[in-house]
Amino acid sequence: MDSRNFTKKTPPKIPYEKIKNAVLGEAYDLSLAFIGSTRSRRLNRERRGKDKAANVLSFPYSKKDGELLLDLNFAKTKERALVLFIHGLFHLKGMDHSSKMEKREMRIRNMFRI
């Protein structure tokens, strides 16, 4: 897993790779970037047509690789970063918002309770 920070803030310390492996598997090649609201808003507008900052953006490129962008203005605490990171991973897995997705997210959150 590759990660980059495009902000001046320090990302919350959570076990990103272990969580990624629990949701997507060890073979999944994930690129994780920490961004600010300006970049988040621009990317959300360009790629999704929504003119507002997104707390997390997920871009699956194939079944085995994708990119996750976390806006550090939303993911300020360990708990919030955990929730958003897990949520984004399930979108990379191909899931849409549903009660099934929420149950799976809760199970992973409980595994990695901060």
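Residues numbered from 1 in each chain as written. Predicted model: local features only at pLDDT ≥ 70, side-chain atom pairs only at ≥ 80, totals over all residues. Heavy atoms only, no water.

Q: Got a sec to walk through the sheet that holds strand S4 (residues 65–71)? Specific residues and values, please.
A: Taken in spatial order, the four strands make up an open sheet running S1-S2-S4-S3, and their pairing is mixed. The open sheet has two free edges, formed respectively by strand S1 (2–5) and strand S3 (56–60), since each of these has just one partner strand. Here the average twist between neighbouring strands, direction ignored, is 10°. For strand S2 (residues 29–35) and S4, the ladder comprises seven bridges, and the chain directions are parallel. Paired with Leu32 across the two strands is Leu68, which belongs to S4. Contacting S2, S3 and S4, helix H2 (residues 37–48) runs over the sheet at an angle of about 45° to S3. (Pairing = 2+ DSSP bridges. Helix = DSSP H or I, 4+ residues; strand = E, 2+ residues; numbered from the N terminus. Axes fitted to C-alpha atoms, helices over the stretch in contact; angles between N-to-C directions. Contact = heavy atoms within 4.5 Å.)

Q: Report on the packing of aromatic side chains, specifying residues and quantitative values.
A: For the coordinates displayed, the defined rule picks out two aromatic pairs. Ring geometry for Tyr16 against Phe34: centres 5.6 Å apart, planes inclined by 70°, an arrangement best described as edge-to-face. Remark: Phe34 occurs in strand S2 and Tyr16 occurs in helix H1 (residues 16–24); sequence separation between them is 18 residues. For Tyr16, a relative accessible area of 10% gives the class buried. Taking relative accessible area as the criterion, Phe34 reaches 5% and is therefore assigned buried. A centroid spacing of 5.1 Å and a plane angle of 90° characterise the contact between Tyr16 and Phe85, whose relative ring orientation is edge-to-face. Taken together, the residues span a long stretch of sequence, with Tyr16 in helix H1 and Phe85 in helix H3 (residues 78–92) at a distance of 69 residues. With relative accessibility at 0%, the residue Phe85 sits in the buried group. (Phe/Tyr/Trp six-rings, centres within 6.5 Å; stacked < 30°, edge-to-face > 60°. Buried < 20%, exposed > 50% of the residue type's maximum accessible area, 1.4 Å probe, protein only.)

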